[in-house]
Amino acid sequence: MLNNSQYDALMRDYQKRQLKNRRRQEERVREVYEKIPELAQLDGELGGISLAYAKKLLDGDGEALTAFRLKIGELKGKREELLALGGFAPDYMEQTYTCRTCRDTGYVEGKKCQCLRQAEIAVLYGQSNLNYVLARENFDMVTCEYYDRELIVNEKSGINQLDYMKAVIKECQIYAENFREKGGNILFCGKAGTGKTFLTNCIAKALLDEAEAVIYLTAPELFQVLSDKRFDRGTADREERYQGILDCDLLIIDDLGTELGSSLVNSDLFYCLNSRMLKGLATIISTNLSMNGIRDHYSERISSRIFDSYRIIPLFGGDIRIKKKRKERKM
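No experiment lies behind these values; they were computed from the predicted model shown.

Here's the deal with the overall build of the chain
A count of helical and extended segments in the chain gives 14 helices and nine strands. By the compact-globule yardstick of 20 Å for 331 residues, the chain is too spread out, its C-alpha radius of gyration being 27 Å. Seen along its three principal axes, the alpha-carbon backbone of the chain occupies a region of about 80 × 50 × 40 Å. Looking at the 331 residues of the chain, the share that counts as buried comes to 40%. Here the analysis covers contacts within the chain between residues at least 6 apart in sequence; of these, 75% occur between residues at least 24 apart. Carbon and sulfur atoms make up 50% of the accessible area of the chain, which amounts to about 19,200 Å² in all. Mean positive and mean negative side-chain charge positions of the chain (51 and 50 charges, respectively) differ by 3 Å.

A short note on the side chain of Asp 43
The residue Asp 43 is located in helix 2 (residues 37–58) in this model. Here Asp 43 falls in the buried class, since its relative accessible area comes to 17%. A distance of 2.5 Å separates a polar atom in the side chain of Asp 43 from a polar atom in the side chain of Tyr 33. Each residue touching Asp 43, except ones within four places of it in the same chain, is listed here: Tyr 33, Arg 79 and Met 93.

So, the environment of Leu 134
With respect to the helices and strands, the residue Leu 134 is situated in helix 5 (residues 128–134). Overall, the relative accessible area of 1% leaves Leu 134 in the buried class. Sequence-wise, Leu 134 and Met 93 are 41 residues apart; in three dimensions their C-alpha atoms are separated by 33 Å.

Here's the deal with the sheet that holds strand 5 (residues 185–189)
Judged by pairing direction, the sheet is parallel, and its five strands sit side by side in the order 6-7-8-5-9 without closing on themselves. A strand with exactly one partner marks an edge of an open sheet, and here the two such strands are strand 6 (214–218) and strand 9 (310–314). Across this sheet, the average inter-strand angle for adjacent strands is 15 degrees, counted without regard to direction. As judged from the five bridges shared by strand 6 and strand 7 (residues 250–256), these two strands associate in the parallel manner. For Ile 215, the partnering residue across the bridge sits in strand 7 and is Leu 251. Its contacts with the sheet put helix 6 (residues 161–177) on strand 5, strand 7, strand 8 (282–287) and strand 9, and the angle it makes with strand 9 is roughly 150 degrees. Sitting on the sheet, helix 9 (residues 219–230) is in contact with strand 6 and strand 7, with an inclination near 105 degrees to strand 6.

Thoughts on the state of the cysteines
Overall, the coordinates contain zero disulfides when judged by the stated rule. Cys 272 takes part in no disulfide bond, and the closest cysteine sulfur, belonging to Cys 248, lies 8.3 Å away.

Some thoughts on the packing of aromatic side chains
Within this structure, the stated rule accounts for three aromatic pairs. Between Phe 88 and Tyr 92, the aromatic rings sit 4.9 Å apart at their centres with planes inclined by 40 degrees, giving tilted as the arrangement. The residues Phe 88 and Tyr 92 share a single accessibility class, namely buried. Note that Arg 17 overlies the ring of Tyr 14, its terminal NZ or CZ placed 4.4 Å from the centroid. Between the NZ or CZ atom of Arg 301 and the centre of the ring of Phe 270, over which it lies, the distance is 3.9 Å.

What counts and how
Residues numbered from 1 in each chain as written. Predicted model: local features only at pLDDT ≥ 70, side-chain atom pairs only at ≥ 80, totals over all residues. Heavy atoms only, no water. Helix = DSSP H or I, 4+ residues; strand = E, 2+ residues; numbered from the N terminus. Rg over C-alpha atoms; globule rule 2.2 N^0.38 Å. Buried < 20%, exposed > 50% of the residue type's maximum accessible area, 1.4 Å probe, protein only. Contact = heavy atoms within 4.5 Å. Areas by Shrake-Rupley, 256 points an atom, 1.4 Å probe, with all protein chains shown as cover. Lys, Arg positive; Asp, Glu negative; His and termini not counted. Charge placed at Lys NZ, Arg CZ, Asp CG, Glu CD. Polar contact = N/O pair within 3.5 Å; in protein donor to acceptor, adjacent residues only side chain to side chain. Pairing = 2+ DSSP bridges. Axes fitted to C-alpha atoms, helices over the stretch in contact; angles between N-to-C directions. Disulfide = S-S within 2.5 Å. Phe/Tyr/Trp six-rings, centres within 6.5 Å; stacked < 30°, edge-to-face > 60°. Lys NZ or Arg CZ within 6 Å of the ring centre and 35° of its normal.

Written as structure tokens, this is what we have:
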């Protein structure tokens, strides 16, 4: 739960959004009126007509509403024509919003908007650090220059690493584009440096841009939060973090298998994954463990949950980070 100062700071950000967008609208209106003075006169006429017909309605004129609608329709048609002739879109002068769902208020029908939920999560999880990473690791920064056309990753199909990774990247983009409608779970597995974390970051950035509630945690961080809850340690902030793990739209667990194993860890992981599945919420896991390694490291019910309910995407090849460093040294 955010404290009062944190919540007030978020609400000030929303007020800044509203002010910024109002000023933008005012600038656009001035721009259009300067270029099309006739439109300013027309808008003034629209306001006057509205008042005139409102008075007629109050005076009991039963036909005033029909006449009003016809007149307004006529003037709006002329308005759109003038905008088009001036090279402007029909909605160019309309109010714009950073979040159309809540119109930059943070709330929809008394409930927190998706964008406010994400803003709260950003505060609670210190996602400013993640945002710094996502500025460098996103779909716009994807390059395939470090993948090997000579490396065959599937003998049966004969596909090489380069073509395979192009297909994987495309699949991740489609996953992000269709997330709100389809969601789904993904397990990225492979050796260190094959691109697992990079791909999860690309997906996270795409969803954060759409105001989806995304939580990114390394496995040790995840189990620390779950352990604090189990033993009732910590503050209300930790309780909110725990609920965020169970309720966010997408939970990303990076480097699963690097945590210290125990029966309690197994129990916490199963509860977390199973709770999210029952709610229809998506989870992405990355791990250096192989399929057999997952079976050996975790309980049967955890491995079976993952194998049955996750799209498993293995990544192949050498450490891309080493290849990048070698290239940088040559430059």
